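# Descriptive analysis of the structure
Okay, here's what each chain looks like letter by letter:
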Amino acid sequence: MVLTYFQETVKVPFGTKHLDAALCFPSSVTDVHTAVILTHGAGGDMNFKHLVSLAHALASDSFLCLRFTCKGLNLGYRVKAYRAVLDYLKSQQKFAIKHIFVGGRSMGCRAAAALARQLSDESEDAVQGVICLSFPLHPPGQKHVHQQRSEDLRGLPEHMSVLCVSGTEDNMCDRVLFEGMVKEMKAQVEVFWLKGGSHGLTVKGRLEESVLEEVNLQVISWMNKQAA
């Protein structure tokens, strides 16, 4: 198979430290106008298999993808790190990026939604949308905190586009509560429920590659609709 994208590992300045990150982009740099930033959940790092697979799929479809590692478990800290990565991406002059989407997995997409909400208060066109993979609406068995966890999603403005991908068996995202929350959102939301999917977006009885392909297809299809 001939690769249609390149990958570079980079260091993103963050205060007195650096964040490990990886840029995946199409082989024809001049065709890149839309970027996606992704980060991991409370555990793991940017090399979590789902993020790597999605980054490669996006870059193969003419999108730039910058994924990064931030080990902090404090949401405010994660949001600050996310903003540093966004600023780094904007500083990359070899890409003519016009549209930026932010996203992540589990806690990573909570940080992305919080950043998107902050930025929308500062500037209407800072980011175009948010991609939430396994949004952690509540800890396992603690559904009562869902209002607090979803505050940033519900606070996103009307012009923002949001894609949520969650498993029907996710023990951190009760489907009835989540769909109720979506009805309260002002943003333009699409939700894809992965049948039998866990919080880790794995499905019993299905090969991991098959699930990754299905999820990637949903994200790319949604991204192409946003770019149209």
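Summary of the structure given here. Each chain has its residues counted from 1, following the order in which its sequence is written. Where local features are concerned, this predicted model is filtered to residues with pLDDT of at least 70; where side-chain atom pairs are given and counted, the filter is 80 or more; whole-chain, interface and lining totals use all residues. The basis for the side-chain values is all heavy atoms of the structure; hydrogens and waters are excluded.

## Comments concerning helix α2 (residues 75-91)
Which entries qualify depends on this criterion: Only DSSP runs of H or I reaching four residues or more are called helices, and only runs of E reaching two or more are called strands; each is numbered from the N terminus. Take the number of residues in a helix, subtract one, and multiply by 1.5 Å to get its expected span. Whether a residue is buried, partly exposed or exposed follows from its accessible area with a 1.4 Å probe, protein chains only, as a fraction of its type maximum: under 20%, in between, or over 50%, in that order. Two residues form a contact once any of their heavy atoms are found within 4.5 Å. Under this definition, polar contacts are N or O atom pairs within 3.5 Å; protein pairs additionally need one hydrogen-donor-capable and one acceptor-capable atom, and for neighbouring residues in sequence, both atoms have to be side-chain atoms.
The first and last C-alpha atoms of α2 sit 25 Å apart over 17 residues, in line with the 24 Å expected at 1.5 Å per residue. Of all the positions in α2, only Arg78, Val79, Ala81, Tyr82, Ala84, Val85, Leu86, Tyr88 and Leu89 are classed as buried. Buried positions along α2 lie against β1 (5-14), β2 (17-26), β3 (34-39), β4 (64-68), β5 (99-105) and α3 (107-122). The N-cap residue of α2 is Asn74: its side-chain oxygen and the backbone nitrogen of Gly76 are 3.0 Å apart.

## So, the packing of aromatic side chains
Operational definition: Geometry of aromatic contacts follows a simple scheme: Phe, Tyr and Trp rings, the Trp one being its six-membered ring, pair when their centres are within 6.5 Å, and the pair is stacked under 30 degrees between planes, edge-to-face over 60, tilted otherwise.
Counted according to the given criterion, the structure contains 7 aromatic pairs. Relative to Phe25, the ring of Phe6 has its centre 5.9 Å away and its plane inclined at 55°; by these criteria the two rings are tilted. Of this pair, Phe6 sits in strand β1 while Phe25 is found in strand β2, placing the two residues 19 residues apart along the sequence. What makes Phe25 buried here is its relative accessible area of 4%.

## A word on the pairing of β4
Test applied: The pairing criterion for strands is at least two bridges between them, as found by DSSP. Place the viewer so that the strands point away; then a crossover is right-handed whenever the path from the first strand over the helix to the second strand goes clockwise.
Burial of β4 is extensive: 5 of the 5 residues sit out of reach of the surface. Burial of β4 is two-sided: the residues Leu64, Leu66 and Phe68 facing one way and the residues Cys65 and Arg67 facing the other way are all buried. With 5 bridges joining them, β3 and β4 adopt parallel strand pairing. Bridge pairing links Ala35 to Leu64 in β4. Regarding topology, helix α1 (residues 49-60) serves as the crossover connection from β3 to the parallel β4, and that connection is right-handed.

## Describing the sheet that holds β3
To keep it simple, the criterion reads: Axes, fitted as lines to C-alpha atoms, cover a helix only where it is in contact. Angles between the N-to-C directions of the axes lie from 0 to 180 degrees.
Ordered in space as β1-β2-β4-β3-β5-β6-β7-β8, the 8 strands form an open sheet in which the pairing is mixed. Where the open sheet ends on each side, the last strands, each with one partner, are β1 and β8 (188-194). In this sheet, adjacent strand axes meet at a mean angle of 20° when their direction is disregarded. Summarising the sheet, β1 and β2 pair through 10 bridges and their orientation is antiparallel. Its bridge partner lying in β2, Thr9 is registered against Ala22. On the sheet, α2 packs against β1, β2, β3, β4 and β5 and is oriented at approximately 120° with respect to β1.

## As for the packing of α2 against α3
Helix packing for two helices is described by the angle between their axes and how far apart those axes are. Selection criterion: Each angle gets one of four labels, with under 35 degrees taken as roughly parallel, over 145 as roughly antiparallel, 65 to 115 as roughly perpendicular, and the rest as oblique. Each crossing gets its hand from how the near helix is turned against the far one by less than a right angle, where anticlockwise is left-handed and clockwise is right-handed. The classification used treats Ala, Val, Leu, Ile, Met, Phe, Trp, Tyr, Cys and Pro as nonpolar, Asp, Glu, Lys and Arg as charged, and all other residues, Gly among them, as polar.
Contact geometry for α2 and α3: axes closest at 9 Å, N-to-C directions at 65°. As the angle between them shows, α2 and α3 are arranged roughly perpendicular. The way α2 lies across α3 gives a crossing that is right-handed. Contacts between α2 and α3 involve Leu75, Arg78, Val79, Tyr82, Arg83 and Leu86 from the former and Met107, Gly108, Arg110, Ala111, Ala112, Ala114, Leu115, Gln118, Leu119 and Glu122 from the latter. Among the residues making up the contact of α2 with α3, the classes are represented as 10 nonpolar, 2 polar and 4 charged.

## As for the pairing of β8
Judged from the 7 bridges that link them, strand β7 (residues 161-167) and β8 form a sheet pairing that is parallel. Paired with Gly167 across the strands is Leu194, a residue of β8. In this region the chain leaves β7, passes through helix α6 (residues 175-184) and returns to the parallel neighbour β8; the handedness of that crossover is right-handed.

## Re the pattern of salt bridges
Counted only if it meets this: We define a salt bridge as a contact between a side-chain nitrogen of Lys or Arg and a carboxyl oxygen of Asp or Glu at a distance within 4 Å.
By the definition in use, this model includes 12 salt bridges. The partner of Lys94 in a salt bridge is Glu8, with the nearest N and O atoms 3.1 Å apart. Of the two residues, Lys94 sits in the loop between α2 and β5 while Glu8 sits in strand β1, which places them 86 residues apart along the sequence. Of the charged contacts, one joins Glu184 and Arg154 as a salt bridge, the two residues approaching to 3.9 Å between their closest N and O atoms. Here Arg154 lies in helix α5 (residues 151-154) and Glu184 lies in helix α6, a separation of 30 residues in the sequence. Bridged by salt links that share partners, the residues Lys49, Glu208 and Glu209 form one connected network.

## Remarks on the packing of α1 against helix α7 (residues 208-227)
At a closest axis distance of 10 Å, the pairing of α1 and α7 adopts a crossing angle of 50°. Considering their axes alone, α1 and α7 lie oblique with respect to each other. Like other packed secondary-structure pairs, α1 and α7 cross with a definite hand, here right-handed. Where α1 abuts α7, its residues Lys49, His50, Ser53, Leu54, Ala57 and Leu58 lie against Glu208, Glu209, Leu212, Asn216, Val219, Ile220 and Met223.

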